[in-house]
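Letter by letter, the chains look like this.
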Amino acid sequence: ATIAALTDQPVPADKGVAEDSFNVLPAILNAPHEEPLRPSMILHSPNGNFAIRSGPWKYIEGKPSPTPKRVSRKDEVHAQLYNLQDDLGEQNNVINEHPNVVKRLASLLDEQRTSGRSLTRKHQQENSR
């Protein structure tokens, strides 16, 4: 989607085309934008421990892969939740204080993992109701 925007070309409406693509050209050009360019982003560590970032929240699943590329550190094998707006260094795990956020992000992570693709902002908003 970014290359399409850069070259002023439309992204085909076909669901099989660029399904995980988001236009991040505004960020590259340092253009102002009101909302995040992606509604969420999935990350994972070398041992297969998945995390998802949405807004200020980062949820770390805490379940390493059964076939890890490296041995998990002890502090990685439990679920964690951080508010990166208040705690950029991820020093204060607030998982017990925000069970609804944990439930929403865990569900979103599972849905994206199952579907094999990122969800659009519209799809995420529909599912968060």
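This one's a predicted model, so the numbers in the text were calculated from it and none came from an experiment.

Caption draft 1: Spotlight on the pairing of strand β3 (residues 57-60). Side chains Trp57 and Tyr59 of β3 all project onto a buried face; the interleaved residues Lys58 and Ile60 project onto the opposite face, where all are buried too. The pairing of strand β2 (residues 50-54) with β3 spans four bridges and is classified as antiparallel. Bridge pairing in β3 links Arg53 to Lys58. In textbook terms, the turn of a hairpin is the stretch between consecutive antiparallel strands, and for β2 and β3 this stretch comprises two residues, one of which, Gly55, has a positive phi near 60°. Here four bridges tie β3 to strand β4 (residues 80-83), and the two strands are oriented antiparallel to one another. Looking at the pairing, Lys58 lines up with Tyr82 of β4.

Caption draft 2: Seen up close, the nonpolar core. Judged by nonpolar contacts, Ile52, Trp57, Tyr59, Leu81, Val94, Ile95, Val101, Val102, Leu105, Leu108 and Leu109 together constitute the single largest core of 11 residues. For this core, the leading source of residues is helix α3 (residues 99-115), giving five residues. The residues contacting Trp57, other than those within four sequence positions of it, are Ile52, Leu81, Tyr82, Asn83, Val94, His98, Val101, Arg104 and Leu105.

Caption draft 3: Region of the structure containing the environment of Val94. With respect to the element layout, Val94 can be found in the loop between β4 and α3. In the structure, Val94 is positioned 13 residues away from Leu81 in sequence and 5.5 Å away in space, judged by C-alpha atoms. Residue contacts for Val94: discarding those within four places in its chain leaves Trp57, Leu81, Tyr82 and Asn83.

Caption draft 4: Spatial organisation of the pattern of salt bridges. Applying the stated criterion across every chain yields a total of three salt bridges. The residue Glu90 makes a salt bridge to Lys58 at a minimum N-O spacing of 2.9 Å. Of the two residues, Glu90 is situated in the loop between β4 and α3 and Lys58 in strand β3; the sequence distance between them amounts to 32 residues. Note that Arg113 is salt-bridged to Asp110, the shortest N-O span being 2.9 Å.

Caption draft 5: Geometry of the sheet that holds strand β1 (residues 41-44). Pairing is antiparallel in the open sheet, where four strands are placed in the order β1-β2-β3-β4. Lying at the two open borders of the sheet, with one neighbouring strand each, are β1 and β4. On average, each strand axis in the sheet is tilted by 20° relative to the strand beside it, whichever way the strands run. Across the sheet, α3 is in contact with β1, β2, β3 and β4; its angle to β2 comes to roughly 115°.

Conventions adopted
- Residues numbered from 1 in each chain as written.
- Predicted model: local features only at pLDDT ≥ 70, side-chain atom pairs only at ≥ 80, totals over all residues.
- Heavy atoms only, no water.
- Buried < 20%, exposed > 50% of the residue type's maximum accessible area, 1.4 Å probe, protein only.
- Helix = DSSP H or I, 4+ residues; strand = E, 2+ residues; numbered from the N terminus.
- Pairing = 2+ DSSP bridges.
- Core = buried A, V, L, I, M, F, W, Y, C linked by side-chain atoms within 4.5 Å.
- Contact = heavy atoms within 4.5 Å.
- Salt bridge = Lys/Arg side-chain N within 4 Å of Asp/Glu carboxyl O.
- Axes fitted to C-alpha atoms, helices over the stretch in contact; angles between N-to-C directions.

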